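Residues per chain, in single letters:
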2 protein chains.
Amino acid sequence: MPVPLPADFFDPDCPVQTVPVLGGRKWAWKIMRCLEGGPRRFSELRVPLAGITAKVLAESLRAMEYEGVVVRTEYDENPPRVEYALTPLGRTLLGPMDAVCDWSRANLAELLAAREAYEREPSA
Amino acid sequence: MPVPLPADFFDPDCPVQTVPVLGGRKWAWKIMRCLEGGPRRFSELRVPLAGITAKVLAESLRAMEYEGVVVRTEYDENPPRVEYALTPLGRTLLGPMDAVCDWSRANLAELLAAREAYEREPSA
DNA sequence: GGTGCCGGTTACTTCAACGGTACCGGCGGC
DNA sequence: GCCGCCGGTACCGTTGAAGTAACCGGCACC
């Protein structure tokens, strides 16, 4: 297939650029999983996300809210309560995420082997 | 669904941690697409990846090689030639990637709308 | 002998995500 | 009065990806 790639191979507003959550956010996938079963409170999320700090969790949730996959609901009760949940849009993202997770699970051994092989012979 | 999430909700070596390429690397998805049609040379890749610098392309390719989705082949010709190609493992990743791309394409309007809405009313 | 291409490398800078610590206001309980 | 819980914010430092710019050796061409 010797056809050279053209300079306009990519759409200037290629949808990949708009993929939320998936890029550069360490905790986002796990947060999605935690919300899969229903709305959760801030401190409730901190339990399974062992090691996350309040700051990073707040940042991540706000970013995911910005991207439209999470909603934040503040209840004017006493004591005040805040709940985070997936939006319908966010819920539709779970499918494609599953595909990637399944791939990763299925190829875990090969992935780890590749890294080891590279370290033995970096760019032969 | 009021069942609280347990502290060991996530497998300590959860496969999500091992997803290559997808996290934190700006150009990796596009590079995958460029290699989809067959092996490419370094300078050949720079054409469709408008704006990428030699340094970042070299770094990205090396990282992808480390993760086992790309192979680098050096031909001892004159002038010397280097080709990059997807590994079989890398090729199997295209499927899940397509799922995410399709999702993004299908929901592009909603994604952009969510961001605009957030900017009008940040965390109401 | 100078210019350019190929496939990079090196050094320096910028930026965003992450992590750590400290602290806040409003409330309830002791 | 004091402590702690809840849901954060403010400040600071670190890291790692990305960008900028300069340069390299080997070869071909003129």
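Not measured: the values here are computed from a predicted model.

The rules behind the values
- Residues numbered from 1 in each chain as written.
- Chains lettered and ligands numbered in written order.
- Predicted model: local features only at pLDDT ≥ 70, side-chain atom pairs only at ≥ 80, totals over all residues.
- Contact = placed C-beta atoms within 7 Å.
- Helix = DSSP H or I, 4+ residues; strand = E, 2+ residues; numbered from the N terminus.
- Nonpolar A, V, L, I, M, F, W, Y, C, P; charged D, E, K, R; others polar.
- Least-squares fit on C-alpha atoms with pLDDT ≥ 70 in both.
- Near = placed C-beta within 6 Å.

Listed as interface residues are 48 residues of chain A and, on the opposing side, 48 residues of chain B. Residue assignment for the side of chain A that touches chain B shows that the elements contributing at least two residues are helix H1 (28-35), helix H3 (54-66), helix H4 (88-106) and helix H5 (108-120) of chain A. Sort the elements by how many residues they give to the side of chain A that touches chain B and H4 of chain A lands first, with ten residues. Grouping the amino acids of the side of chain A that touches chain B by side-chain chemistry returns 29 nonpolar, ten polar and nine charged.

As a further point, take the relation of the copies chain A and chain B. With an axial shift of 0.0 Å and an RMSD of 0.1 Å, the rotation relating chain A to chain B amounts to 180°. Put plainly, the chains are arranged around a two-fold axis. Within chain A, Gly24 of chain A has its C-alpha nearest the rotation axis, a separation of 2.0 Å. When you check the interface residues of chain A against chain B, 100% turn up at the interface there too, and the contact is symmetric in its surfaces.

What surrounds DNA strand D is a group of 23 residues, the closest being Ser43, Ala54 and Val82 of chain A together with Lys26 and Thr53 of chain B. Looking at the surface near DNA strand D, the elements with two or more residues in it are helix H2 (42-45), H3 and strand S3 (81-86) of chain A together with helix H3 (54-66) of chain B. The leading source of residues in the surface near DNA strand D is H3 of chain B, at five residues. Considering only residue class, the surface near DNA strand D consists of eleven nonpolar, five polar and seven charged.

Of note, Ser104 of chain A is situated in helix H4. Residues Ser104 of chain A and Met64 of chain A, spaced 40 residues apart in sequence, show a C-alpha to C-alpha distance of 23 Å. Among all residues touching Ser104 of chain A, those that are not within four sequence positions of it are Pro15, Val16, Thr18 and Val19 of chain B.

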